[in-house]
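Structural characterization, general
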Amino acid sequence: MVAPRRGPLISAGAYLPAAWYLDQVFPGSLNALGIYAGLTVCNSMLLSRCNDYAPFHLARAVLADVFGCMLGYSVVLCGFACLREYLQRGSVWNANVGTYIAADKGTALPFFGFLLLGFAAALAKWADGRRNKKTERQVPRA
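Now for a description of the structure that goes with this document. (Residues numbered from 1 in each chain as written. Predicted model: local features only at pLDDT ≥ 70, side-chain atom pairs only at ≥ 80, totals over all residues. Heavy atoms only, no water.)

**Section: the overall build of the protein chain**
Our working rule: In DSSP terms, a helix is any run of H or I states spanning at least four residues, a strand is any run of E spanning at least two, and both are numbered starting from the N terminus. For every residue, the accessible area (1.4 Å probe, protein chains only) is compared with the maximum for its type, and the residue is labelled buried under 20%, exposed over 50%, or partly exposed between those bounds. We call two residues in contact when some of their heavy atoms are within 4.5 Å. All accessibility values rest on the Shrake-Rupley procedure with a 1.4 Å probe; residue burial counts only the protein chains present in the view.
Assigned secondary structure in the protein chain consists of six helices and two strands. Each helix and strand of the protein chain, placed in order from N terminus to C terminus, yields the pattern α-α-α-α-α-β-β-α. Across the 142 residues of the protein chain, 13% fall into the buried class. Summarising the internal contacts of the protein chain: among those between residues at least 6 apart in sequence, 37% fall at separations of at least 24. Of the accessible surface of the protein chain, which amounts to about 11600 Å², a share of 69% is contributed by carbon and sulfur atoms.

**Things to note about the environment of Leu117**
Tracing the chain through its elements places Leu117 in helix α6 (residues 110–137). Note: C-alpha distance between Leu117 and Leu77 (40 residues apart in sequence) is 9.4 Å. Discounting residues that sit within four places of it in the chain, Leu117 has contacts with Val76 and Phe80.

**Concerning the environment of Tyr53**
Tracing the backbone through its elements, the reader meets Tyr53 in helix α4 (residues 44–53). With relative accessibility at 19%, the residue Tyr53 sits in the buried group. For the pair Tyr53 and Asp65, spaced 12 residues apart in sequence, the C-alpha to C-alpha distance is 8.6 Å. Contacts of Tyr53, omitting those with residues within four sequence positions, involve Ala61, Val62 and Asp65.

**Looking at the state of the cysteines**
Note on terminology: a disulfide is the covalent bond linking the sulfur atoms of two cysteines. For clarity, the cut-off: Any two cysteine sulfur atoms within 2.5 Å of one another count as a disulfide.
Applying the stated rule across the entire model yields zero disulfides. Note on Cys78: no disulfide assigned, nearest cysteine sulfur contributed by Cys82 at a separation of 6.4 Å.

Right, dumping it as structure tokens:
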């Protein structure tokens, strides 16, 4: 198991080349993220996932889990960012998508993003509970 003090150091060591590469591919994008890019280094959700999963699985499974979590986290992050930008400006990644209904200025606040994530988490939990109930009802017949 990775010691809790070494986890952020390993994460920071992986962040530095990724930040350099991101700046080469998308110049200025790292500066646009501000402090939030650096905060992902010490994201307790990701670090606790690594500490709980990695010690008990093979390296291939850990790498597959890392890329799956990375892809899932990125899809959710980009999806909600697109939704918020659409509500604020009527564009997605600064590309005009046509007409839209101008939303309140409150959609620009960080708290609005947390509200959206909370509702999405509640929806996912509800769907998971419904799926579990459905599988409990189906009793295999001999």
